[in-house]
Amino acid sequence: MTGTATKAATTTKYLSWVTLALMTTSSVASLRSAPTMAVYGLACVFLYIVPAVLFLMPTSLVAAELASGWDGGVYKWVGDGLSKPLGFLAVWCQFAMTIFYYPSLLAYVASTFAYIIHPSLASNGPYVAIVIITVYWAGVYVSSRGTKTVAGLSSMGLIIGTLIPGTLLVVLGLVFLSQGNPSAAPMDSAHLLPAWTGLASLVLIVNNFLSYAGMEMNAVHVSSLRNPGKEFPKAMALAAGLVLVIFILPALAISWVVPSASLSLTAGVMQAFDGFFSHFHIGFLTPIVGIALVAAALGGMLTWLAGPSKGLLLIGRSEGYLPPVLTRLNKHGVQQNMLVAQGVFTTAIALLYALIPNVSSAYWILSVITTQVYLIMYVLMFAAAAKLRRDDPDHPRGYRAPALYALCLLGSVSSVAAFAIGFVPPSQFGSGNPLMYFAIVGGGMGIVGLLIPYLFYRNRRESWKIAVPQEAQ
């Protein structure tokens, strides 16, 4: 009887591969990156598909094997495969990328909100900086209270902030073209590939690596599938298809109505809606769409604000890598001091929007730094996966990635190439100082992604170790 009950309980935990595909789509797909690729018009199709093949596919399959064999996330994977110090670096990079991610996300929020109150503010650096700082610290306060009500906001975000606005954008664009209106960007076969004007002409592809980032987090669900070996590849294929549709079609729609020369990387989505709504004389919908996009983005921020720091918190406590002042919990069980420390950096970075004349330039620079820091973690993950397969081939795995070594090589080479290209200013910002661009990107990545974790590791103390309950690990 007990065995039957246990079997029934286990059965109820299975996920269908379609459900996993939709979960993955909701956590990866977003309209936020659409303006970045809309600059390229029809060539955005190529620029989205290339990183999907070179990065999304190896990341998904390799992370699935690791997640099905080793609990504990990227720290455990890299720690067991390479070394504990490199495991700490990997989990640090996973956390540190959010320091740059939140300013770029909130810059999108600020520019979108500007269309509700006054569109000219979308390109106003001080306004953007003030919104970033104010909203982030409000989010820290809400998260530090241990509020549970924000947990459901991410699931609504896919519908409210992505699917509905994205579908509306594409439908309006198709109607706009069907009326005989010319597209702002050429839509002929001669523009399927981006124009080659040197290495800088392809730099925007780097941002797409970040668009697909986070697949390693969804891979933890691979063990919940009934038949991981067959169902996980199907789930990832469906998710990749849905993600590509959500990324590509809205980007194309934006390029139909907003000329690339006047396209804002932060307010491009609202520029397109504003253009379509004005054309169809339904301008009253502009603030409604703006509110939906802002609400979805803020919900995502609140849901994820404390999340990435939890993994670092556990490692910092169990291994003594972080001082107690950072790993201390408040009465609600939240790592408030860590969030505050993160907020200090976020505030300093937000000031870039007030200091750099072009808001789009600041947004792009922060997006690149985010990608650079995150790519360090991915290179370590691919190296660890290959070494674990070689050194411990008999370790139980619920899923074994096909051609793992080839996938790891492809993912590593792609990540390193994207990392190198990220230091080259894109052609859209060619008028700026290349050395200054390199210094900002390299300095931000080097300090936050490498120097700080090195100093934490070098100054670790046995006395900083705090016993972590087994259920929290």
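Rules of the game
- Residues numbered from 1 in each chain as written.
- Predicted model: local features only at pLDDT ≥ 70, side-chain atom pairs only at ≥ 80, totals over all residues.
- Heavy atoms only, no water.
- Helix = DSSP H or I, 4+ residues; strand = E, 2+ residues; numbered from the N terminus.
- Buried < 20%, exposed > 50% of the residue type's maximum accessible area, 1.4 Å probe, protein only.
- Areas by Shrake-Rupley, 256 points an atom, 1.4 Å probe, with all protein chains shown as cover.
- Core = buried A, V, L, I, M, F, W, Y, C linked by side-chain atoms within 4.5 Å.
- Contact = heavy atoms within 4.5 Å.
- Axes fitted to C-alpha atoms, helices over the stretch in contact; angles between N-to-C directions.
- Parallel < 35°, antiparallel > 145°, perpendicular 65-115°, else oblique.
- Left-handed = near helix turned anticlockwise from the far one by under 90°.
- Nonpolar A, V, L, I, M, F, W, Y, C, P; charged D, E, K, R; others polar.
- Salt bridge = Lys/Arg side-chain N within 4 Å of Asp/Glu carboxyl O.
- Phe/Tyr/Trp six-rings, centres within 6.5 Å; stacked < 30°, edge-to-face > 60°.
- Lys NZ or Arg CZ within 6 Å of the ring centre and 35° of its normal.

### Focus on the overall build of the chain
- Of regular secondary structure, the chain possesses 20 helices and zero strands.
- Relative to its 473 residues, the chain shows a buried fraction of 52%.
- Surface exposure of the chain reaches about 19,900 Å², of which carbon and sulfur atoms provide 68%.

### Observations regarding the nonpolar core
- Counting residues in hydrophobic clusters, the biggest one holds 148 residues, and the most contacted among them are Tyr 48, Val 62, Phe 88, Tyr 212, Phe 232, Ile 254 and Tyr 353.
- It is helix H18 (residues 359-391) that provides the largest number of residues to this core, a total of 21 residues.
- Not counting the four nearest positions on each side in its chain, Tyr 48 is found in contact with Ser 33, Ala 34, Met 37, Asn 208, Tyr 212, Leu 244, Phe 247, Ile 248 and Ala 251.

### Some details on the packing of helix H6 (residues 84-117) against helix H7 (residues 125-144)
- With their axes 9 Å apart at the nearest point, H6 and H7 run at an angle of 115° to one another. By the angle between their directions, the pair H6 and H7 is classed as roughly perpendicular. You can see that H6 and H7 cross each other, and the crossing is right-handed. Contacts between H6 and H7 involve Tyr 102, Pro 103, Leu 106, Ala 107, Ala 110, Ser 111, Phe 113, Ala 114 and Ile 117 from the first element and Tyr 127, Val 128, Val 131, Ile 132, Val 135 and Tyr 136 from the second.
- For the contact of H6 with H7, the per-class residue count stands at 14 nonpolar, one polar and no charged.

### As for unusual backbone geometry
- With a phi angle near 60°, His 281 is a residue other than glycine that sits in the positive phi range.
- Along the chain, His 281 turns up in the loop between helix H12 (268-279) and helix H13 (285-305).
- You can call His 281 exposed: its relative accessible area is 70%.
- In the Ramachandran plot, Ala 403 falls in the positive-phi region, its phi being about 50° despite a non-glycine side chain.

### Brief notes about the pattern of salt bridges
- Within the structure shown, the criterion is met by seven salt bridges.
- Of the charged contacts in the structure, one is a salt bridge between Arg 389 and Glu 65, with a shortest N-O distance of 2.6 Å. Of this pair, Arg 389 sits in helix H18 while Glu 65 sits in helix H4 (residues 44-69), and the two are 324 residues apart along the sequence. Across the pair, Glu 65 and Arg 389 agree in class, each one buried.
- Of the charged contacts in the structure, one is a salt bridge between Asp 391 and Lys 387, with a shortest N-O distance of 2.8 Å. Pair noted here: Asp 391 and Lys 387 are both in helix H18, with a separation of four residues, about one helical turn.
- Salt bridges linked by common partners bring Glu 65, Arg 389 and Arg 397 together as one network.

### A short note on the packing of helix H5 (residues 73-81) against H6
- At their nearest, the axes of H5 and H6 sit 7 Å apart, and the two run at 150° to each other. Judged by the inter-axis angle, H5 sits roughly antiparallel to H6. The hand of the H5/H6 crossing is right-handed. Here H5 contributes Val 74, Tyr 75, Val 78 and Gly 79 to the contact with H6, which in turn contributes Lys 84, Leu 86, Gly 87, Phe 88, Ala 90, Val 91 and Gln 94.
- When its residues are assigned to classes, the contact of H5 with H6 shows seven nonpolar, three polar and one charged.

### Focus on the packing of aromatic side chains
- Under the defined criterion, the tally for this structure stands at 15 aromatic pairs.
- Measuring from centroid to centroid gives 4.9 Å for Phe 55 and Tyr 378, while their planes differ by 80°, and the two rings are edge-to-face. Residue Phe 55 is found in helix H4, and its partner Tyr 378 is found in helix H18; the two are separated by 323 residues along the sequence. With respect to class, Phe 55 is no different from Tyr 378; both count as buried.
- Taking the centre distance of 4.5 Å and the plane angle of 50° together, the rings of Phe 88 and Tyr 321 count as tilted. Taken together, the positions of Phe 88 in helix H6 and Tyr 321 in the loop between helix H14 (307-319) and helix H15 (324-327) put the pair 233 residues apart, joining distant regions of the chain. Judged on exposure class, the residue Phe 88 and its partner Tyr 321 are both buried.
- Three or more aromatic residues joined by ring pairs form one cluster here, namely Tyr 48, Tyr 212 and Phe 247.
- Between the NZ or CZ atom of Arg 460 and the centre of the ring of Tyr 457, over which it lies, the distance is 3.9 Å.

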